[in-house]
Amino acid sequence: MASAGESFFEGAEKLLEVWFEFDDDSLESSLRSIDRKVWEDLLKVVKCEIISRTADEDMDAYVLSESSMFVTKDRFILKTCGTTTLLYAVKPLIKLVKEKCRLKQILDIFYSRKNFSRPDLQIGMHRNFSDEVSHLDKQFRNGAAYSLGRINQDCWYLYTLDNAGVERPDQTFELLMWDMCREKMRVFTKDVSENGLDATKRSGICDIIPGAKIDEFLFEPCGYSMNGLLPGGYYITIHVTPEEEFSYVSFESNVPRESYDELVKKVLEVFRPGKFLMTIFANKASVAKDCHKEINDAESLQGYVRQDHQFCIFKNYNLTYTMYSRPIL
Ligand SMILES: C[S@@+](CC[C@H](N)C(=O)[O-])C[C@H]1O[C@@H](n2cnc3c(N)ncnc32)[C@H](O)[C@@H]1O
């Protein structure tokens, strides 16, 4: 376990999404043709390992000792928490895709994370976003780095490419939550739930997006991770760090929605955070392309008050970053 110190775990994840374009449609021109052993070796560089795997027509989804990995034909997502060293895997990842598949080009890259609670406990470049950016800049031309939110409080970092990017519909919705409700978090301990499936049912996670093929894991003595697959190449992933002193939960999905209102409501009901930040990326072809307007108008949401709100227009994607907290009464 890549825990960050005796009684502390950094729940906030590093999130990498890479889109590849291949020369042809042959079997080898798919990330899914890469053997599990090769992914396991790549994950050693990151300091985490595979706990379980599930798959459907479109995607392989792995629950990791520290979060999740999703592999489709041409998209690679790696989300890791604790003191994992995710960015050390970028160079080896590209090398192995060049070796194993007929790579034409990298279409787009997204690396993002919330500011860490204990950056001092991270390893190497991950202590500091500027160092992460320098590392990525050495590998990519056209890199663009941003910081959204309050740099002296809670913020969210993003590195992407100033490229034409992905043309088919694509959207990513994330809710990063902290200062969690103590009662809600108890479900994600072995004191209350027998196993992952039990925690999925008791918590209400199973009702957030019904119909998903769920693969979940309940850690000992506490902690929970799940991946859910939906037809059409859609995923949900949820990770819970329930310890009161550093509680944190993340929800991420690429399900397309014209409005994310209902989804936000359901996730907040299940977890009741004290604070959360929400990011929505949608490209021009996505049905979610106009959802930003609705969020723009939401000064309060389910009893939460907005603290920060920013809207970014990139070459191919629009992004909303917004942060809410429960008012202190
Ligand atoms: C399940 S992972 C999920 C982290 C995720 N990024 C989040 O959103 O919180 C972390 C939780 O599992 C617990 N845990 C227990 N054993 C673990 C292990 N071997 N590796 C990682 N986490 C473990 C940690 O203490 C923490 O509560």
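Calculation notes
- The written sequence of each chain sets the order in which its residues are numbered from 1.
- In keeping with the model being predicted, local features are shown solely for residues with a pLDDT of at least 70 and side-chain atom pairs are shown and tallied solely at 80 or more, while totals for entire chains, interfaces and linings include all residues.
- The side-chain quantities take in all heavy atoms of the structure and omit both hydrogens and water.
- UniProt positions are given in the numbering used here, feature names are shortened, and annotations may be inferred rather than shown by experiment.
- When checking whether two residues touch, look at their non-hydrogen atoms; a contact exists if any pair is within 4.5 Å.
- Accessible area is worked out with a 1.4 Å probe on protein chains only. A residue is then buried under 20% of its type maximum, exposed over 50%, and partly exposed in between.
- Helix and strand assignments come from DSSP, with helices taken as H or I runs of at least 4 residues and strands as E runs of at least 2, each series counted from the N terminus.
- Here, the arc refers to the directions that run from the helix axis to the C-beta atoms.
- We call a residue near a molecule or strand whenever a single non-hydrogen atom of that residue lies within 4 Å of it.
- Here a polar contact is taken to be a pair of N or O atoms separated by no more than 3.5 Å, where protein atoms must pair a possible hydrogen donor with a possible acceptor and residues adjacent in sequence count only if both atoms sit in side chains.
- Computed by Shrake-Rupley with a 1.4 Å probe, the accessible areas treat only the displayed protein chains as cover when residues are assessed.
- As a working rule, the residues Ala, Val, Leu, Ile, Met, Phe, Trp, Tyr, Cys and Pro are called nonpolar, Asp, Glu, Lys and Arg charged, and the rest polar, with Gly in that last group.
- Using only the protein atoms, space was sampled on a 1 Å grid; points where a 1.4 Å probe fits but cannot get out form cavities, open sets with protein on both sides within 12 Å along at least five of seven lines form pockets, and lining residues are those with an atom within 4 Å of a point.
- Grid points are joined across faces, edges and corners, and a volume is the space filled by probe spheres set on the points.

**Q** Quick rundown of the UniProt feature "modified residue: Pyruvic acid (Ser)" (unreviewed entry) in the chain? Include the residues and the values.
**A** Cross-referencing UniProt, the feature "modified residue: Pyruvic acid (Ser)" (unreviewed entry) maps to S67 in the present numbering. Apart from the residues within four sequence positions on either side, S67 is in contact with E13, Y62, K79, T80, C81, S225 and H239.

**Q** Lay out helix α6 (residues 261–271) with the relevant residues and their values.
**A** All of the buried residues in α6 are L263, V264, V267, L268, V270 and F271. One side of α6 carries all its buried residues, which in axial view fall inside an arc of 160°. Once α6 finishes, R272 follows within two positions and takes phi at roughly 45°, a positive value.

**Q** Go over the site of the ligand with me, naming the residues and quoting the values.
**A** Near the ligand there are 21 residues, and of these G11, E13, H239, T241 and E243 occur at the shortest range. A distance of 2.8 Å is found between an oxygen atom of the ligand and a backbone nitrogen or oxygen belonging to H239. A distance of 2.4 Å is found between an oxygen atom of the ligand and a side-chain nitrogen or oxygen belonging to T241. Here the ligand has 570 Å² of accessible area as a free molecule, and 92% of this is covered by the chains. Elements with a minimum of two residues in the shell around the ligand: β11 (224–230), β12 (234–241) and β13 (248–253). Residue composition of the shell around the ligand, by class: nine nonpolar, eight polar and four charged.

**Q** Which residues make up the UniProt feature "active site" (unreviewed entry) in the chain, and what values go with them?
**A** Mapped onto the present numbering, the UniProt feature "active site" (unreviewed entry) falls at S67, C81, S225 and H239. A maximum C-alpha distance of 11.2 Å is found for the annotated residues, which run over 173 residues; spatially they form one tight group. Locating C81 in the fold gives a position in the loop between β5 (75–80) and α2 (90–100). C81 has contacts with F9, E10, G11, A12, E13, E66 and S67, leaving out every residue within four places of it along the chain. The residue S225 is located in strand β11 in this model.

**Q** Go over helix α3 (residues 129–137), please, and point to the residues and values.
**A** When α3 is considered as a whole, its buried residues turn out to be F129, E132, V133 and L136. Buried residues in α3, looked at end-on, bunch into an arc of 100°, giving them a common side. Elements that come into contact with the buried residues of α3 comprise α2, β6 (103–114), β7 (143–149) and β8 (155–161). In this structure N128 caps α3, since a side-chain oxygen of it lies 2.9 Å from the backbone nitrogen of S130.

**Q** I'd like to hear about empty space enclosed by the protein, residue by residue, with values.
**A** Considering all chains together, one arrives at three cavities of 30 Å³ or more under this definition. L15, E17, F110, S112, W156, L158, D170, T172, E174, T279, F281 and Y317 are the residues that line the largest cavity. Those elements that place two or more of their residues in the lining of the largest cavity are β1 (14–22), β6, β8, β9 (171–180) and β14 (273–283). A per-class count over the lining of the largest cavity returns six nonpolar, three polar and three charged. Size it by volume and the second largest cavity reaches roughly 70 Å³. Y260, D261, V264, M278, E294, I295, A298, L301 and Y324 are the residues that line the second largest cavity. Listed by contribution, the elements that provide at least two residues to the lining of the second largest cavity are α6 and α7 (291–297).

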